[in-house]
Amino acid sequence: MNKLLTGKTAMITGAGRGIGKQIALTFAQHGADLIVTDLKETESSIELMKEIENLGVKGLFLAYDVSKLDQTEAAVKQAMEAFGKIDVLVNNAGITRDTLLMRMTETDWDMVMNVNVKSIFNHTKAIQSIMLKQRFGSIINMGSIVGITGNAGQINYSASKAAIIGLSKSVARELGSRNIRCNVIAPGFIETEMTHVLPQEVKDAYMKTISLRRTGKPTDIANTAVFLASDLSDYMTGQVLVCDGGM
Ligand code: NAD
């Protein structure tokens, strides 16, 4: 395999399972050293770190809450002590608290905005001086197709994913002159534990809207992330790459 990320160090949030875990594995297969983060260590994250080690690259697991700036700053400090650089940041951690507006609580709104959006502010703020000194960086933020289309029952989640687009385009403008790129991936329906819990009729309804007539797999998103992390995309910034099978 032609390795696209050899010599790069990547930090990936919420990577203990799902899409983030697959991004970590695929990055490791492409030769990247990895800082894997999640709320806590789990069987799944332990298994991931073993797989990373078996692939012959360096890995560090850090447990913290991405929505807290002080915890993020401490994690970035630890990552820098271990690796001395961070070339790629993947802001992947995210949650849903789906319900209709009439039932949505203030907590449902605040939690989703804090984990999905504030976390990206936290990480970009903590890492920007490192990337500025390096004069290199690729920041990849995980949006969603519903941040573009909207979705009933997800006003908090779609608002958070739309906010990520504005945030990312602004970061791209602010840091572009220092060779720091910032792009968004907007996945459609991807099979993970996040979507596993949806009722079958919701899944069936989604399926009818997908041109390719299959749900996405974490590898579909991981391959898009490899492209954005690698020098293959080095003239792209401020973009939203939709990866949804043609929804
Ligand atoms: P997932 O629930 O399987 O994984 C999310 C991970 O984020 C988990 O490991 C979780 O522990 C972690 N996380 C949650 N809150 C955290 C916090 N406060 N601090 C640190 N880590 C935290 O979800 P997934 O399907 O793998 O989704 C990954 C990303 O992709 C999310 O941003 C999600 O919104 C986005 N996305 C997913 C889909 C899909 O269909 N699965 C579609 C569009 C976008």
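Note that the structure is a prediction, hence the values are computed from the model and not measured.

Draft legend 1. How the structure looks around the overall build of the protein chain. For the protein chain, the helix and strand inventory stands at nine helices and seven strands. What you see for the protein chain is a C-alpha radius of gyration of 17 Å, in line with the 18 Å of a compact globule of 247 residues. Across its three principal directions, the C-alpha atoms of the protein chain cover 50 × 35 × 35 Å. Residue burial in the protein chain is summarised as follows: out of 247 residues, 50% are buried. For the protein chain, contacts bridging at least 24 residues in sequence account for 75% of all contacts bridging at least 6.

Draft legend 2. Spatial organisation of a nonpolar patch on the surface. On the surface, Leu101, Trp109 and Ile155 cluster together into a nonpolar patch covering about 290 Å² of accessible area. Take Leu101: it is sitting in the loop between β4 (88-91) and α4 (106-134). You can call Leu101 exposed: its relative accessible area is 58%.

Draft legend 3. Layout of the nonpolar core. Judged by nonpolar contacts, the single largest core of 32 residues is most densely connected at Ile12, Ile23, Phe27, Leu34, Val36 and Ile52. Listed by contribution, the elements that provide at least two residues to this core are β1 (9-12), α1 (18-29), β2 (33-38), α2 (43-54), β4, β5 (137-142), α9 (218-229) and β7 (240-243). In contact with Ile12, other than residues within four places in its own chain, are Gly20, Ile23, Ala24, Phe27, Leu34, Ile35, Val36, Thr37, Val90 and Asn92. Among the nonpolar cores identified, the runner-up in size contains 25 residues, and Leu62, Phe83, Met131 and Ile180 belong to it.

Draft legend 4. Focus on the pattern of salt bridges. Scanning the entire structure with this criterion turns up six salt bridges. Of the charged contacts in the structure, one is a salt bridge between Lys21 and Glu47, with a shortest N-O distance of 2.6 Å. Here Glu47 lies in helix α2 and Lys21 lies in helix α1, a separation of 26 residues in the sequence. The exposure class of Glu47 is partly exposed, given its relative accessible area of 41%. Between Glu81 and Lys77 there is a salt bridge; the shortest N-O distance is 3.6 Å. With Glu81 and Lys77 both in helix α3 (residues 69-83), this residue pair falls four residues apart, about one helical turn. In this structure Glu81 comes out as exposed when scored by relative accessible area, which is 60%.

Basis of the calculations
Residues numbered from 1 in each chain as written. Predicted model: local features only at pLDDT ≥ 70, side-chain atom pairs only at ≥ 80, totals over all residues. Heavy atoms only, no water. Helix = DSSP H or I, 4+ residues; strand = E, 2+ residues; numbered from the N terminus. Rg over C-alpha atoms; globule rule 2.2 N^0.38 Å. Buried < 20%, exposed > 50% of the residue type's maximum accessible area, 1.4 Å probe, protein only. Contact = heavy atoms within 4.5 Å. Patch = residues over 30% accessible without salt bridge, like charges linked within 9 Å, V, L, I, M, F, W, Y side chains within 5 Å. Areas by Shrake-Rupley, 256 points an atom, 1.4 Å probe, with all protein chains shown as cover. Salt bridge = Lys/Arg side-chain N within 4 Å of Asp/Glu carboxyl O. Core = buried A, V, L, I, M, F, W, Y, C linked by side-chain atoms within 4.5 Å.

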